[in-house]
Each structure stands twice: as structure tokens, then as C-alpha cells.
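Residues per chain are reported as follows:
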Amino acid sequence: MTRRELDAADITDPGLRTDYGVCRRLNARHGRTYFLATRLLPLERRSAVHALYGFARWADDIVDDLDKRLTPDERDLMLKRLEGDLAHALRTGGGAEPVVRAVADTAGRHGIAVDLFADFLASMRADLTVTDYPTYADLRAYMHGSAAVIGLQMLPVLGTVVPREEAAPHAAALGVAFQLTNFLRDVGEDLDRGRVYLPADLLAAHGVDRPLLEWSRRSGRRDPRIRAALVAAEALTRDVYREAEPGIAMLDPRVRPCISTAFTLYGGILDAIARHDYTVLHHRAVVPRRRRAATAAAGVLKVARARWHAAPAADPAAPERKGPDRG
């Protein structure tokens, strides 16, 4: 499948094909929900999405998932090297890392604004020193770089049926909605890393602070105040999904099934959190495999319909059409 995706995207350089393959494997290994939805994209769009994800994952690993003995200063130096490598790659097409070479190629092919990468890396750097956010406005400022820009980077790849600036706020909101979902799902794991991504003012409105969260995480015991705060965080997140949803209809019809499926799958994480009564400090909420498969199957049907309707009218002299290619 990788070869077909690369051929469809007209990526012919052997080195770049290898680089994009690295990004695809990162997406498949770490972004199960995201990767599943990506499989619904037209073949020629997938490699670019893998590159964007691969670069984001690489930076995120520098911040969190590499050698635990690394200090914040050492991680900051690695981020600066990554930033310099990307700047070099965007200018020259070179680059030391496969993910950098692939994402620079993607940015050039699709005209992705360079400042979006700078904003993303600034938020990654914030994770080295910032451990909580006093207000939702503070959190949204962080999420502009960590999530909204991902939606904005995706727009040139996906294509729109309206002027891009009209779809941009909805694309940014979708990135934020996905990240807020992850924050809610990963409250316990983030707390173990010393971070709280739920706004302090939202928590305080329900009588919750970091020590209470840490007590619950450590003891395995629940508290009604924490549950109330998590319910409020879910409601806030669903508001952002509603802000994002109109943007799906603004996309190229052939990519709508992919984004609609991702929208449903990530929303399903919120459903799972509620179904498990907001015990995210003690258990990771996941969408059951059967439900993910059913959602993906529905997406495949939407893809088939979109490709069928997008196909040109048949030439009476041409061979009989065999139906849409499901990629």
C-alpha cells in the first residue's frame, strides 16, 4: 500500500520514498484512530498526511517519550536542532531526519505556511516548562500551536470547495477538539508527567485542584468534585466539536468521509469516557475495536459513494466500468 500511495502522490525520489515510509510507520504505530481514518483518504493525499503526523510525533517524542534521564535543557536543545533542521530542509530540501525531509517536501508540494511549523514547535517547547494553565484562554493559546495549526496544515492537503480562509477556523477547531479529547482521556498519564491540561479555573469551579487530582490518581479513590469537573470538561470539548463540524462540508467531497470518520471516532472517545463514568484518572477510556471497525466500514461506504459520484460520465464506447477503487 505504501508504494501505491507514493506513486499516486508522484513521489519518485527513492530517498524521499523511504522518508515517507518512516512517517507512515510512525502514524500506524502511534496514531491508531488517526491512521484508521487516513486509510479513507484518496491514495494521493495519504503520504502528505503521514508526513505531517510523523513530524508532529517526532517532536512530541522529544518532549515526552525519549530517554527519561534527559533534562528539560537537553530536550530543549534537541527541539532547537529539529527546528534548525526543518528550516534547512524547507530552504534546500535536505535535512538530517527522515521525518523532516518528508514534511519539508509536503510543505513545498502543498504550499503549507512555514509559520505554522514555528507555532507548533513553540508549543512543544512550552511543554518543557509549563505544567498547568490558569484559564481556558491560556490553554487555547497553547493549543493554537499544538493542535489548531495541525488542522490548518491539513487544509491545503485535503482541499476545499470554499475559499480556504472560510474553512480555516473550522479546521483549527477540529484540531483543538481532538486534542481536548486526548487531554480528557489522558488526565492520569499527563499527571504522572507532572502536567495538568484541564484549565485551573474550570477545575476550581468544582472545588478541584492539582493535589486532589494527585490524591485520586495515587489512591485509586474517586471524588464527586472531580467527576463534576470532568463532566464540565467534556461539555466544553463537545462545544468545540460543534464549532468544527460545519467545516466538514467545506472540504473536497472525496476527503469528507475520512474527516467525518475521524470526527466520529474521536467523539467516541468522549462517549467511552462517559460510559465509564469519568474514571479517567484510573482507567484509559478506549473505543471498542468492534465499534472502531463499524465506523471505519461506514466510512468505506461513504468513500465509495464519493468516488462514484466524482467519476466522469462514462463514454459509451469505453469498456464497462468496474466500480470505484477502494484504495
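The shown structure was predicted, so the numbers you read here are calculated from the model rather than taken from an experiment. (Residues numbered from 1 in each chain as written. Predicted model: local features only at pLDDT ≥ 70, side-chain atom pairs only at ≥ 80, totals over all residues. Heavy atoms only, no water.)

S.K.: Even after reading the chapter, I still don't get the overall build of the chain, so can you show me in this structure?
M.R.: Helices and strands together make up the secondary structure of the chain, namely 15 helices and zero strands. Here the chain, with 327 residues, has 49% of them falling under the buried criterion. Long-range pairs, those at least 24 residues apart, make up 69% of the contacts in the chain between residues at least 6 apart in sequence. In the form shown here, the chain has an accessible surface area of approximately 15,500 Å², with 55% of it arising from carbon and sulfur atoms. (Helix = DSSP H or I, 4+ residues; strand = E, 2+ residues; numbered from the N terminus. Buried < 20%, exposed > 50% of the residue type's maximum accessible area, 1.4 Å probe, protein only. Contact = heavy atoms within 4.5 Å. Areas by Shrake-Rupley, 256 points an atom, 1.4 Å probe, with all protein chains shown as cover.)

S.K.: Whenever I open this one, the packing of helix H5 (residues 72-92) against helix H7 (residues 114-126) confuses me. Can you help?
M.R.: Helix packing geometry: the angle between the two helix axes and the distance between the axes. H7 packs onto H5 with a crossing angle of 175° between their chain directions and a minimal axis gap of 11 Å. By the angle between their axes, H5 is roughly antiparallel relative to H7. Together, Asp76, Leu79, Lys80, Leu82, Glu83, Leu86 and Leu90 of H5 and Val114, Phe117, Leu121, Met124 and Arg125 of H7 make up the contact between the two elements. Its residues assigned to classes, the contact of H5 with H7 shows eight nonpolar, no polar and four charged. (Axes fitted to C-alpha atoms, helices over the stretch in contact; angles between N-to-C directions. Parallel < 35°, antiparallel > 145°, perpendicular 65-115°, else oblique. Nonpolar A, V, L, I, M, F, W, Y, C, P; charged D, E, K, R; others polar.)

S.K.: It is not clear to me how the environment of Glu243 should be interpreted in this structure. Could you clarify?
M.R.: As for its placement among the helices and strands, Glu243 is situated in helix H13 (residues 224-244). Sequence separation between Glu243 and Ala171 is 72 residues, and the spatial gap between their C-alpha atoms is 9.5 Å. Those residues in contact with Glu243 that lie beyond four places of it in its chain are Arg140, His170 and Ala173.

S.K.: Explanation requested: the side chain of Ser216 in the structure shown.
M.R.: Looking at the secondary structure, you find Ser216 in helix H12 (residues 210-219). Taking the relative accessible area as the measure of exposure, Ser216 reaches 1% and is therefore buried. The contact partners of Ser216, leaving out residues within four places of it in the chain, are Arg221, Arg222, Ile226, Leu281 and His282.

S.K.: What am I meant to see in helix H2 (residues 14-30) here?
M.R.: Every α-helical turn comprises 3.6 residues, leaving residues that sit three or four positions apart pointing alike. Relative to the 24 Å expected for 17 residues at 1.5 Å per residue, H2 spans 25 Å between its end C-alpha atoms, a close match to the ideal helical length. Every buried residue belonging to H2 is among Leu16, Asp19, Tyr20, Gly21, Cys23, Arg24, Leu26 and Asn27, and all of these are buried. Taking the backbone nitrogen of Gly15 as reference, a side-chain oxygen 3.0 Å away marks Asp13 as the first, capping residue of H2. (Expected span 1.5 Å × (residues − 1). Polar contact = N/O pair within 3.5 Å; in protein donor to acceptor, adjacent residues only side chain to side chain.)

S.K.: I would appreciate a short explanation of the packing of aromatic side chains in the present structure.
M.R.: Between two aromatic rings, the relevant description is the distance of the centres plus the angle of the planes. Applying the stated criterion across every chain, the model contains nine aromatic pairs. The interplanar angle of 40° and the centroid separation of 5.3 Å between the aromatic rings of Tyr133 and Tyr142 together place this pair among those described as tilted. Each member of the pair, Tyr133 together with Tyr142, is buried. What links up through ring pairs into an aromatic cluster is the set Tyr133, Tyr142, Phe183 and Tyr197. (Phe/Tyr/Trp six-rings, centres within 6.5 Å; stacked < 30°, edge-to-face > 60°.)

S.K.: Mind showing me how you'd approach the environment of Arg46 here?
M.R.: With respect to the helices and strands, Arg46 occurs in helix H4 (residues 43-64). Sequence spacing of Arg46 and Leu158 is 112 residues, and the spatial spacing of their C-alpha atoms is 9.5 Å. A polar atom in the side chain of Arg46 sits 3.5 Å from the side chain of Glu5. A distance of 3.0 Å separates a polar side-chain atom of Arg46 from the backbone oxygen of Arg39.

S.K.: Where do I start with the pattern of salt bridges in this structure?
M.R.: Oppositely charged side chains are able to pair whenever their charged atoms sit close together. Summed over all chains, the structure comprises 28 salt bridges. One salt bridge connects Arg3 with Asp7, and the closest N-O pair in it is separated by 3.5 Å. Placement of both Arg3 and Asp7 in helix H1 (residues 2-8) is noted, with a separation of four residues, approximately one turn of the helix. Here Asp7 falls in the partly exposed class, since its relative accessible area comes to 40%. Each of Glu44, Arg45, Asp252 and Arg254 takes part in one network of salt bridges that share partners. (Salt bridge = Lys/Arg side-chain N within 4 Å of Asp/Glu carboxyl O.)

S.K.: Would you mind going over unusual backbone geometry with me for this structure?
M.R.: Only a minority of non-glycine residues have a phi that is not negative, and only a minority of peptide bonds are not trans. The phi dihedral of Asp10 is positive, around 60°, even though this residue is not glycine. Within the element layout of this structure, Asp10 appears in the loop between H1 and H2. The class of Asp10 is exposed, set by a relative accessible area of 52%. A positive phi angle, close to 55°, is found at Asp277, a residue other than glycine.

S.K.: What exactly am I supposed to notice about the packing of helix H9 (residues 164-185) against helix H14 (residues 256-275) here?
M.R.: The contact between H9 and H14 brings their axes to 10 Å, and the two run at 30°. The angle between H9 and H14 places the two elements in the roughly parallel class. Helix-helix and strand crossings are classified by hand; for H9 and H14 the assignment is left-handed. Of the residues in H14, those in contact with Leu174, Phe178, Thr181, Asn182, Leu184 and Arg185 of H9 are Ile259, Ala262, Phe263, Tyr266, Ile269, Leu270 and Ile273. Counted by class, the contact of H9 with H14 contains 10 nonpolar, two polar and one charged residues. (Left-handed = near helix turned anticlockwise from the far one by under 90°.)

S.K.: Is there a simple way to think about the confidence of the model for the chain in this case?
M.R.: Reading predicted coordinates in detail is not appropriate for stretches of low pLDDT. Scored by pLDDT, the chain has a mean of 87; 86% of the residues are at 70 or more. Low pLDDT (under 50) marks residues 292-304, which in the prediction has 21 contacts with non-local residues, meaning those over four places away or in another chain. Every residue in residues 311-327 scores below 50 in pLDDT, and together they form 18 contacts with partners more than four places removed in sequence or on other chains. (pLDDT = per-residue confidence, 0-100.)

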